[in-house]
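Each chain, written out:
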Amino acid sequence: MATTSPDEIYKRGYHPSEVNETPINCLTLSSLMRKYSLDHIDILQMDCEGMDGKIIKHFLHDGIHPAAIHFEHANLHSDERVELRNLMSSHGYDVIEYEYDCLAFQRSLY
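All of the points below concern the structure found in this document. Source: prediction; values computed, not measured.

With that settled, consider the environment of His61. Within the secondary structure, His61 is located in helix α3 (residues 52-61). Owing to a relative accessible area of 70%, His61 belongs among the exposed residues under this scheme. Each C-alpha atom, one on His61 and one on Arg107, is 18 Å from the other, the two residues being 46 residues apart in sequence.

We now examine the side chain of Gln106. Checked against the element boundaries, Gln106 lands in strand β4 (residues 101-106). Once residues within four sequence positions are removed from consideration, Gln106 is found in contact with His65, Pro66, Ala67, His91, Gly92 and Tyr93.

The next point concerns the sheet that holds β4. Within the open sheet, the four strands sit side by side as β1-β2-β4-β3. Their pairing is mixed. Either end of the sheet is taken by a strand with one partner, and the two such strands are β1 (43-45) and β3 (93-98). Recorded for the sheet is a direction-independent mean angle of 15° between the axes of neighbouring strands. Where strand β2 (residues 68-72) meets β4, five bridges bridge the pair, whose relative direction is antiparallel. Note that in β4 the partner of Ile69 across the bridge is Ala104. Docked against the sheet, α3 engages β1, β2 and β3, running at close to 155° with respect to β2.

Analysis parameters
Residues numbered from 1 in each chain as written. Predicted model: local features only at pLDDT ≥ 70, side-chain atom pairs only at ≥ 80, totals over all residues. Heavy atoms only, no water. Helix = DSSP H or I, 4+ residues; strand = E, 2+ residues; numbered from the N terminus. Buried < 20%, exposed > 50% of the residue type's maximum accessible area, 1.4 Å probe, protein only. Contact = heavy atoms within 4.5 Å. Pairing = 2+ DSSP bridges. Axes fitted to C-alpha atoms, helices over the stretch in contact; angles between N-to-C directions.

Take a look at the structure:
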């Protein structure tokens, strides 16, 4: 399992002796867009093992609004799901939750 949050690993029953930490280089979505000269994102697919909400909040705050976002909500706490849904709604998204995932569309698409 890969995650940036050790708590996520331990919640799933892994013992500290089973965990290997590996430093990785990361980019924010805005830096990735600058690096590749992108001015918009049509569809963003995410599965970030419980960090999806934090990442979405960050790029919405940076003014990045993909037309559609598909992400996993199964690892988000219910209060975080509600907060994220409200935030996305305030940024012009309709959000559909199903099983473990969410699909969010900019209302301007339809």
